[in-house]
Amino acid sequence: MKITLKLYATLSDLLPAGAVANASSIEIDEAATLNHIIDRYRVPRELAHLVLINGVFVCDTDRDQPGALVEGDVLAIWPPVAGG
Amino acid sequence: MAWTRKLLRVNLTNGTVAEEGLNMGWANDYLGQRGLATRYLVDEIDPQCDPLGPDNKLIMATGPLTGTNASTAGRYSVICKSPLTGAVACSNSGGFIGAEMKMAGWDMVIFEGKAASPVYLHIVDGVAKLEPADDLWGKSVWEADKALHAKFQDPQTRIALVGRSAEQGCLYAAVVNDLHRAAGRSGVGTVMASKNLKAVAIRGTQGVGNIEDPKKFMETVKAGKAVLAENAVTGQGLPTYGTQVLMNVINEVGALPTRNMREVQFEGASKVSGEAMHEPRKSDGKKNLTTNGACFSCTIACGRISTIDRTHFSVKDKPEYWINSGGLEYEAAWALGPDTGVDDMDALTYANFLCNEDGMDPISFGSTVAAAMELYEIGAITDSHTGGMELKFGSAEALCWAAEKVAKGEGFGKDLGLGSKKLCEKYGHPELSMTVKGQEFPAYDPRGMQGMGLAYATSNRGACHLRGYTAASEILGIPEKTDPLHTEGKPGLVKAFQDATAAVDSSGLCVFTTFAWTLDDIAPQVDAACEGDWSPDRMLEVGERIWNMERDFNMKAGIAASEDTLPKRLLSESANSGPAKDRVCDLDKMLPEYYAARGWSSDGSITSETRQKFNLPG
């Protein structure tokens, strides 16, 4: 199934070629965990700080559960960032 | 010690300057900068005075660590009664002038009265003189700064100025120092201009050597710098992407106020984001971002230095803007961009340059333009008011035009200079003003970030993110992650952020250190620098005392607890997309618990027990 993967800030360069506005459409297995995807795109787990599915935070202890994503979901990941 | 124990009192009416000893009893209770200067203000002005009359005072104040080699120890604040809100104003700035004031031997400068004609204050170490500034009046910040530097022939002189917007009465005018750092919020620049004070120029050569325990201080400073360097946010994220990294984050979580807070997500966010500032332009292959920059003694260096595409309509015939200057920080980028619906990075950068050049708070300016755009859309403002400019959401031309008009106080720029509240009242729709206590919102929608809603509603200077930045916890997980859509626990969280921030704002350090530091890192540096014992608990107590003192001033100024609220839009119109879809800000679920946590009565007034606990003045 297809989801949208977004990688931001210092993770931007890890997106597949052809990504637009930090987003790329990717194909994943329905049973994939978030950590499977994080590892597949070589995002160091310690830098997968802010992990959002459709804008909702997923804490690191919940990232090994299979089937967390459904077709059309948006998975967005940031390293530790701040501002204000 | 760290304090110089001296303040300079400048009577603009009489044209006199005088040295005074610092009230060390107050310094022990309020530390410095925000706390100590507000203590002086509370003591010296009538809370109900006219903010733009001679009875208001303007205080420029450093903290005890300002000018030392502690990381970020370059901060100073401008304190007065605000003309935008009628509340206490305390606006904090970095750059270099705070450290220069300290190195000239002064903890603070108090301006009182009003000069008969324009003047500037020139301080060289222990000597201070008022000089005529008739030739500077009518000049922008950048022009006047250039003229003064040419006169002094000393690039090390640091200058804080007001621009033409302040002279023309724009109610959200800033005091700009070092060309593009600013005490930006609440109209402190408007107060400075009301006193016919154009600039303060300072050269200090004395250093800051009066540290209580130098060896311990150096050890604590070194330890603090190591923490900042090793932290992923302060060591890598902020230097690389600046605060602008938040644009995509806040949009993704559905808390990016859009088009005068009608919506919570902006379709053009990625085009005006921190990541976009790193993208090469099609026209010349250059990036918007030139480099990052640091304020005095800062080891984070989050500042943005940027350029505008020379072919852009805003500057193609204006080579004076083909420069590298202070670029987009997140709050400014949001107000100029998503809130007005404009996704043109160069237009935002140009408007931001003008805000620096003529000293407008870009948050209040952008938010006021957004309100004007909504008023235009519903027909309350028409082409006859604007002289033909179509003030439509998303119009980069309108945004740039508005910045030019407010900068010079020309035409409809006068109305835009009123701020959102007075503008919306003037055109018959006060409900469209996105303000608290008269001050415009920054870049976090309370429907998608419940704690920020409470922080805005209870902020002592009106809507403001820097009085209690719960976004750090609710979104960024600092110091720990809380759910942005939950109200549980938020009253305590807001109070904790408010008190800690008040203490940091009184130290001379930058609040951005708190993305890595806690008071356990800060207190040892203050303790080593200052006489007495400064524990984290004492710092928190000082912060809570300051908060109560500010609240007390506001209530005496006539600002009732009923103003601890949010615009109706945020309380009754649901978010239309994202995780907060169908949510409003549930302020009523948080406010009573907040009052109780503060030791206030259920009607929001400060109890006699709390007054006594903190020994509040008067």
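Relevant structure appears above.
Reading the values: the criteria
- Residues numbered from 1 in each chain as written.
- Chains lettered and ligands numbered in written order.
- Predicted model: local features only at pLDDT ≥ 70, side-chain atom pairs only at ≥ 80, totals over all residues.
- Heavy atoms only, no water.
- Helix = DSSP H or I, 4+ residues; strand = E, 2+ residues; numbered from the N terminus.
- Buried < 20%, exposed > 50% of the residue type's maximum accessible area, 1.4 Å probe, protein only.
- Contact = heavy atoms within 4.5 Å.
- Areas by Shrake-Rupley, 256 points an atom, 1.4 Å probe, with all protein chains shown as cover.
- Lys, Arg positive; Asp, Glu negative; His and termini not counted.
- Charge placed at Lys NZ, Arg CZ, Asp CG, Glu CD.
- Polar contact = N/O pair within 3.5 Å; in protein donor to acceptor, adjacent residues only side chain to side chain.
- Phe/Tyr/Trp six-rings, centres within 6.5 Å; stacked < 30°, edge-to-face > 60°.
- Lys NZ or Arg CZ within 6 Å of the ring centre and 35° of its normal.
- Pairing = 2+ DSSP bridges.
- Axes fitted to C-alpha atoms, helices over the stretch in contact; angles between N-to-C directions.
- Core = buried A, V, L, I, M, F, W, Y, C linked by side-chain atoms within 4.5 Å.
- Buried area = accessible area lost by both parts, 1.4 Å probe.
- Salt bridge = Lys/Arg side-chain N within 4 Å of Asp/Glu carboxyl O.

Colleague: I'd like a description of the overall build of chain A, backed by residues and values.
Modeller: Along its length, chain A carries one helix and five strands. Each helix (α) and strand (β) of chain A, taken in turn from the N terminus, gives the series β-β-α-β-β-β. Along the first, second and third principal axes, the C-alpha atoms of chain A reach 35 × 30 × 20 Å. Across the 84 residues of chain A, 54% fall into the buried class. The long-range fraction of contacts in chain A, counting pairs at least 24 apart against all pairs at least 6 apart in sequence, stands at 61%. Split by element, the accessible area of chain A, about 3800 Å² in all, is 52% carbon and sulfur. If the 6 positive side-chain charges of chain A are averaged to one point and the 11 negative ones to another, these points end up 6 Å apart.

Colleague: How would you sum up helix H20 (residues 519-529) of chain B? Please name residues and give values.
Modeller: Every α-helix carries 3.6 residues per turn, so stepping three or four residues along brings you back to the same face. Residues and elements named next belong to chain B. When you tally the buried positions in H20, you get eight out of 11 residues, the bulk of the element. Buried within H20 we find Leu519, Ile522, Ala523, Gln525, Val526, Asp527, Ala528 and Ala529. Residues of H20 that are buried make contact with helix H7 (214-230), helix H19 (490-504) and helix H21 (536-556). Between the side-chain oxygen at the start of H20 and the backbone nitrogen of Asp520 there is a gap of 3.0 Å, and the oxygen is on Thr518.

Colleague: Tell me about the packing of aromatic side chains, residues and numbers included.
Modeller: Residue and element names in this part refer to chain B. Inspection of the entire model under this criterion finds 15 aromatic pairs over all chains. Plain terms: the ring middles of Tyr595 and Trp600 are 6.0 Å apart, the flat faces sit at 45 degrees to each other, and that makes the pair tilted. Comparing Tyr595 with Trp600, the two get one shared label, buried. Connected via pairs of aromatic rings, a cluster forms that spans Tyr330, Tyr444, Tyr469, Phe512 and Phe515. Across from the ring centre of Trp534, 3.6 Å away, lies the NZ or CZ of Arg538, which sits over that ring.

Colleague: Explain the sheet that holds strand E5 (residues 88-93) of chain B to me, and be specific about the residues and the numbers.
Modeller: Residues and elements named next belong to chain B. A sheet is described by the order of its strands in space; here six strands give the open sequence E2-E1-E6-E3-E4-E5, paired in mixed fashion. The two strands at the open ends of the sheet, each matched to only one other strand, are strand E2 (16-21) and E5. Averaged over all adjacent pairs, the angle separating strand axes in this sheet is 15 degrees, with direction ignored. With six bridges joining them, strand E4 (residues 76-81) and E5 adopt antiparallel strand pairing.

Colleague: Which residues make up the nonpolar core, and what values go with them?
Modeller: Residue and element names in this part refer to chain B. If you look at the biggest cluster of nonpolar residues, it comprises 180 residues, and the most contacted ones within it are Met108, Ile250, Phe365 and Tyr444. Take this core: its biggest share by element is nine residues, from helix H14 (residues 396-408). Sequence-distant contacts of Met108, that is, excluding residues within four places in its chain, are made with Lys6, Leu7, Leu8, Leu22, Leu36, Ala37, Tyr40, Ile59, Met60, Ala61 and Met101. The next biggest cluster of nonpolar side chains, apart from the first, holds 33 residues, and it includes Leu8, Ile123, Val162 and Ala166.

Colleague: Summarise the interface of chain B and chain A; cite the residues concerned and give the values.
Modeller: Each partner contributes residues to the interface: chain B has 26 residues there, and chain A has 22 residues. Of the roughly 1900 Å² buried where chain B meets chain A, counting both sides, 68% is carbon and sulfur surface. Its largest share of buried area at the contact with chain A, chain B owes to Glu252(B), Glu275(B) and Leu476(B), together 28% of the area lost on that side. Between Lys6(A) and Glu252(B) there is a salt bridge whose closest N-O contact spans 3.0 Å. Counting across the interface, chain B meets chain A through five residue pairs in polar contact (both at pLDDT 80 or more). Per-element accounting of the side of chain B that touches chain A gives the leading share, five residues, to helix H8 (residues 232-241) of chain B.

Remember that the coordinates give geometry; whether it matters functionally is a separate question.
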